[in-house]
Amino acid sequence: MAKVIIPEHYTPVIDFMESQRAIKKIKDFFQQELAYGLSLRRVSAPLFVAPETGLNDNLNGVERTVEFTVKDMNERKVEIVQSLAKWKRMALGKYGIQPGHGIYTDMNAIRRDEELDNLHSVYVDQWDWEKVIRKEQRNEEFLKETVTTLYNALKNLGDYVNRLYPELRTKLPNEIFFITTQELEDRYPDKTPKEREDAITEEKRAVFIMKIGGKLKSGKPHDGRAPDYDDWELNGDIILWNEILNQSFEISSMGIRVDETAMERQLKEAHAEERRDLEFHKMILNKELPYTIGGGIGQSRLCMYFLRKAHIGEVQVSVWPEDMVAECSENNIFLL
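Treat the numbers as computed from the prediction; the structure is a model and nothing was measured.

## Quick notes on the sheet that holds strand E4 (residues 76–80)
Then, number 1: Across the sheet, which stays open at both edges, the three strands sit in the order E2-E4-E3 with antiparallel pairing between neighbours. Only two strands of the sheet have a single neighbouring strand rather than two, namely strand E2 (48–49) and strand E3 (67–70).
Then, number 2: Here E2 pairs with E4 via two bridges, running antiparallel. Among the inter-strand pairings, Val49 is bridged to a residue of E4, identified as Glu79.

Rendered as structure tokens:
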């Protein structure tokens with residue numbers, strides 16, 4: 001059942017057509033910041049992949065992919081990507097990109113099982129990025145350095161948007177706060193993972209929650225994470241406090257990617273050892289692909305946050321339940 005939060009007395013700060021112009025300005029500016037800060041070049045990316053390659057993102061392992069067959073390839077089945085986490089690493093190897101440099105691309109996906117609300121749509125648009133690193137850079141210090149670079153790009157974007165539209169008055173703290181999922185559980189033992197995220201983000205305003213995917217002392221993971229791209233010891237989410245919705249707001253999921261050891265360990269822990277026979281997984285286990293760090297940054301999420309919108313449907317075109325559209329319209333939230 002779809003659900004929606006209606007902020008009290010909500011009125012968009014800038015109107016519909018100016019918001020459309022602002023969306024393009026935000027995307028153009030942030031791409032430049034991202035590429036410059038992390039030494040990335042833009043590349044083209046697939047909309048669909050063959051399932052036997054193992055390149056599609058399995059997300060939490062329960063989401064159904066959107067698939068179809070190709071007539072001129074003997075009705076071969078292909079799947080709409082759910083993210084490009086694995087494809088990017090293959091591309092870096094194929095392109096022969098050296099450590100310290102990487103790629104980014106526009107990723108568009110369909111997630112048919114998404115629970116629709118203010119933040120979630122069946123249409124996903126994000127910048128997917130990936131960068132080659134050296135083996136010795138697979139550590140927490142390098143992860144934090146990269147997160148800080150990304151956060152500085154977000155702050156620069158905030159300053160830029162505030163110069164364009166002073167009435168928006170979006171302000172981020174000078175530094176992002178780092179905390180692990182276990183530290184978060186220890187700090188708020190009686191709260192759910194989402195409640196913990198809300199509590200720490202309301203206090204700190206900008207947080208990077210580290211080590212997502214593995215089981216905590218409670219016996220449960222903080223959140224689901226596929227076992228075959230992020231190293232669960234070296235990953236995390238960038239989360240900001242959303243004053244309009246009064247809740248935590250994930251902007252980016254990222255991390256240092258699995259090496260051969262982490263791949264073996266996490267496939268076993270996730271009871272997904274059959275994936276070892278897929279092309280991508282064999283290349284990781286055989287050390288045939290570069291070591292990398294990467295992630296995704298939500299384009300619509302970014303625009304929604306900095307334009308102070310109450311619903312992601314105000315900055316992207318998707319499909320929504322009729323009752324949600326009606327309720328939003330009655331409360332000055334006009335979905336595209």
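Next comes the rest of the description.
## Re empty space enclosed by the protein
Then, number 1: Per the counting criterion, the structure on display carries one cavity of 30 Å³ or more.
Then, number 2: Empty space within the largest cavity amounts to approximately 30 Å³.
Then, number 3: Forming the walls of the largest cavity are Phe30, Leu150, Leu154, Ile238, Ile251, Ser252 and Ile297.
Then, number 4: Counting only elements with at least two residues in the lining of the largest cavity, the list comes to helix H3 (140–164) and strand E10 (247–257).
Then, number 5: In terms of residue class, the lining of the largest cavity is built from six nonpolar, one polar and no charged.

## Here's the deal with helix H5 (residues 193–204)
Two residues of an α-helix separated by three or four positions point the same way, owing to the 3.6 residues in each turn.
Then, number 1: Its twelve residues give H5 an end-to-end C-alpha distance of 16 Å, which sits within 8% of 16 Å, the value for a rise of 1.5 Å per residue.
Then, number 2: Looking at the buried positions of H5, the neighbouring elements they touch are strand E7 (177–180), helix H4 (181–187), strand E8 (206–210), strand E9 (230–242) and E10.
Then, number 3: Directly beyond the C-terminal end of H5, a positive phi value near 75° is found at Arg205.

## So, the packing of aromatic side chains
Then, number 1: As enumerated under the stated definition, the model contains six aromatic pairs in all.
Then, number 2: Plain terms: the ring middles of Phe29 and Tyr160 are 4.2 Å apart, the flat faces sit at 5° to each other, and that makes the pair stacked. Taken as a pair, Phe29 in helix H1 (residues 16–38) and Tyr160 in helix H3 lie far apart in primary sequence, 131 residues in all. Both residues of the pair, Phe29 and Tyr160, count as buried.
Then, number 3: Taken together, the aromatic side chains of Phe249, Tyr305 and Phe306 make up a single cluster linked through ring pairs.
Then, number 4: Taking NZ or CZ as reference, Lys204 lies 4.6 Å from the ring centre of Phe177, over its face.

## A few points about the sheet that holds E10
Then, number 1: Strand order in this open sheet of eight strands is E1-E5-E6-E11-E10-E9-E8-E7, and the pairing throughout is mixed. At either margin of the open sheet sits one strand with a lone partner, and together these are strand E1 (40–42) and E7. Neighbour to neighbour, the strand axes of the sheet diverge by 25° on average, direction disregarded.
Then, number 2: Pairing of E8 with E9, which is carried by five bridges, proceeds in the antiparallel orientation. Note on E9: the bridge partner recorded for Ile209 is Asp237.

## Brief notes about the side chain of Lys88
Then, number 1: Secondary-structure assignment places Lys88 in helix H2 (residues 85–95).
Then, number 2: With residues up to four places along the chain from it excluded, the contact list for Lys88 reads Ile103, Asp128, Trp129, Glu130, Arg257 and Gly295.

## Structural notes on the side chain of Ser121
Then, number 1: With respect to the helices and strands, Ser121 occurs in the loop between strand E5 (102–110) and strand E6 (123–132).
Then, number 2: Classification of Ser121 as buried rests on a relative accessible area of 3%.
Then, number 3: Here the side chain of Ser121 touches Tyr123 through a polar contact of 3.0 Å, landing on its backbone nitrogen.
Then, number 4: A distance of 2.7 Å separates a polar atom in the side chain of Ser121 from a polar atom in the side chain of Gln316.
Then, number 5: Setting aside its immediate chain neighbours within four residues, Ser121 contacts Glu114, Leu116, Ile312, Gln316, Ser318 and Trp320.

## Focus on a nonpolar patch on the surface
Then, number 1: A cluster of nonpolar side chains, namely Leu47, Phe48 and Phe68, defines an oily patch on the protein surface of about 260 Å² accessible area.
Then, number 2: Tracing the backbone shows Leu47 in the loop between E1 and E2.

## Brief notes about the state of the cysteines
Then, number 1: According to the stated counting rule, one finds zero disulfides in the structure shown.
Then, number 2: Lacking any disulfide linkage, Cys303 is separated from the closest cysteine sulfur, that of Cys328, by 18 Å.
Then, number 3: Judged by its relative accessible area of 1%, Cys303 falls in the buried class.
Then, number 4: Looking at Cys328, the relative accessible area reads 0%, which means it is buried.

Definitions and cut-offs
- Residues numbered from 1 in each chain as written.
- Predicted model: local features only at pLDDT ≥ 70, side-chain atom pairs only at ≥ 80, totals over all residues.
- Heavy atoms only, no water.
- Pairing = 2+ DSSP bridges.
- Helix = DSSP H or I, 4+ residues; strand = E, 2+ residues; numbered from the N terminus.
- 1 Å grid on protein atoms, 1.4 Å probe; cavity = no way out; pocket = protein on both sides within 12 Å on 5 of 7 lines; lining within 4 Å.
- Points joined across faces, edges and corners; volume = space filled by probe spheres on them.
- Nonpolar A, V, L, I, M, F, W, Y, C, P; charged D, E, K, R; others polar.
- Expected span 1.5 Å × (residues − 1).
- Contact = heavy atoms within 4.5 Å.
- Phe/Tyr/Trp six-rings, centres within 6.5 Å; stacked < 30°, edge-to-face > 60°.
- Buried < 20%, exposed > 50% of the residue type's maximum accessible area, 1.4 Å probe, protein only.
- Lys NZ or Arg CZ within 6 Å of the ring centre and 35° of its normal.
- Axes fitted to C-alpha atoms, helices over the stretch in contact; angles between N-to-C directions.
- Polar contact = N/O pair within 3.5 Å; in protein donor to acceptor, adjacent residues only side chain to side chain.
- Patch = residues over 30% accessible without salt bridge, like charges linked within 9 Å, V, L, I, M, F, W, Y side chains within 5 Å.
- Areas by Shrake-Rupley, 256 points an atom, 1.4 Å probe, with all protein chains shown as cover.
- Salt bridge = Lys/Arg side-chain N within 4 Å of Asp/Glu carboxyl O.
- Disulfide = S-S within 2.5 Å.

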